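# Structural description and commentary
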Amino acid sequence: MAVFTAVSLDDLHQWIKQFPLGQAVGLEGISSGIDNSNFFLNTQHGTQSGPQSGHYVLTIFENLRFDQLPFYVNLMRHLAGRGIPVPAPVPNNDGELIVSLHDKPAIIVSRLNGSSQLAPQPVHCAEVGRMLARMHLAAQDFALQQPNLRGIDWWTATAPEVAPLLSEAEATLLRDEVAFQATFAASATYANLTRGPVHADLFRNNVMFEGERLSGCFDFYFAGIDTWLYDVAVTVNDWCVDLATGELDEARVRALLDAYHAVRPFTDDERDAWQPLLRAGALRFWLSRLYDLHLPRAAELLTPHDPTHFERILRERIAHPAPGLPTTVIT
């Protein structure tokens, strides 16, 4: 969510009139993240009872095209309509969710309440596990299809671009893990995994809490069709790790997996695939962070992430098996 495209209140003066939100009265760039330009947007709308304020997020998409965005935006709309706490896209006066701003696609979504929980305990991880399972089930009848654009095809295409820029040890690890994942993706176990829309980026900073209650999750712009277990693996690799070492905290892992399993039980094939997909989740973010570090794009506000964090996690997952998936539903 870096700011690549600068926007001012003057830019929004006429543009925002196509939405039933009133005038834009406040705009603040969001510096975290690295893929889209995001702003906190405050509006004020005059009514018979007096002015009403609104709080939203304005996103300008820097890499995704207009024709790629309906999947992400309509998935949020679909989930919000089924009671999942996600940002709801705001249609303009013509019913359009995606409009042009500075010749780029843009949307406005509702702003969630709460704050990120950056030091999660088992109780927070359980909330995340339950919500993720609910999200998967709620999205299983979503009609649009789009693959995970940062999946195995992207790994195999991108690794050769990055490898020459790495140390010999890093390049060897990258090539070996991509080969391992390609072999596993061709296996019968992988073919039998349950698939559907996944968030694919459900990190601590993409979930909001009010106390110990999960109040929402956001940033669906890496979503796609993939295995539900991959989504769980990505989530565990962030919510349940020691940030300094990459080691898993078993209490947090158990809380997240048990809560997910109570809503949507894991299958036997998923139990067999658990360790490889934890490695897959680590590889994906190590590779993307390497790419962003070594082949960056210009941005007005840019906070690149440290790729060594996910290198540590990948090496840890290879060296030490994680706690397994639960086998019985805990009520």
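The structure contained in this document is the topic of the report that follows. (Residues numbered from 1 in each chain as written. Predicted model: local features only at pLDDT ≥ 70, side-chain atom pairs only at ≥ 80, totals over all residues. Heavy atoms only, no water.)

## Focus on the nonpolar core
Note the threshold: As used in this record, nonpolar core signifies buried Ala, Val, Leu, Ile, Met, Phe, Trp, Tyr and Cys residues forming a set joined through side-chain atoms within 4.5 Å. Whether a residue is buried, partly exposed or exposed follows from its accessible area with a 1.4 Å probe, protein chains only, as a fraction of its type maximum: under 20%, in between, or over 50%, in that order. Strands are runs of DSSP state E lasting at least 2 residues, helices are runs of H or I lasting at least 4, and numbering of each runs from the N terminus. Residues are treated as being in contact if the distance between any of their heavy atoms lies within 4.5 Å.
Counting 83 residues, the largest nonpolar core has Val232, Trp274 and Leu277 as its most contacted members. Sorting elements by how many residues they give to this core places helix H9 (residues 268-294) first, with 11 residues. Aside from chain neighbours lying at most four places away, what touches Trp274 is Leu229, Val232, Ala233, Val236, Leu257, Ala322, Pro323, Gly324 and Leu325. With 17 residues, the next largest nonpolar core counts Tyr56, Val99, Leu101 and Ala106 among its residues.

## Re the environment of Val90
Considering the arrangement of structural elements, one finds Val90 in the loop between helix H2 (69-81) and strand S4 (99-101). As a C-alpha pair, Val90 and Ile225 span 135 residues in sequence and 24 Å in three-dimensional space. Aside from chain neighbours lying at most four places away, what touches Val90 is Phe19, Leu21, Tyr56, Glu96, Leu97, Ile108, Val109 and Ser110.

## Looking at the pattern of salt bridges
The line we're drawing: The salt bridge definition used is simple: a Lys or Arg side-chain nitrogen within 4 Å of an Asp or Glu carboxyl oxygen.
Evaluated as defined, the whole model comprises 12 salt bridges. Notably, a salt bridge pairs Arg130 with Glu127, separated by 3.1 Å at the nearest N-O pair. Note that Arg130 and Glu127 are positioned in helix H3 (residues 122-139) at a spacing of 3 residues, about one turn of the helix. Residue class for Arg130 comes out partly exposed when judged on its relative accessible area of 35%. The shortest N-O distance in the salt bridge between Asp268 and Arg271 comes to 2.8 Å. Of this pair, Asp268 and Arg271 are both found in helix H9, 3 residues apart, which corresponds to roughly one turn of the helix. Judged by relative accessible area, Arg271 falls into the partly exposed class, the value being 22%.

In short, shape yes, function no, at least from these values alone.
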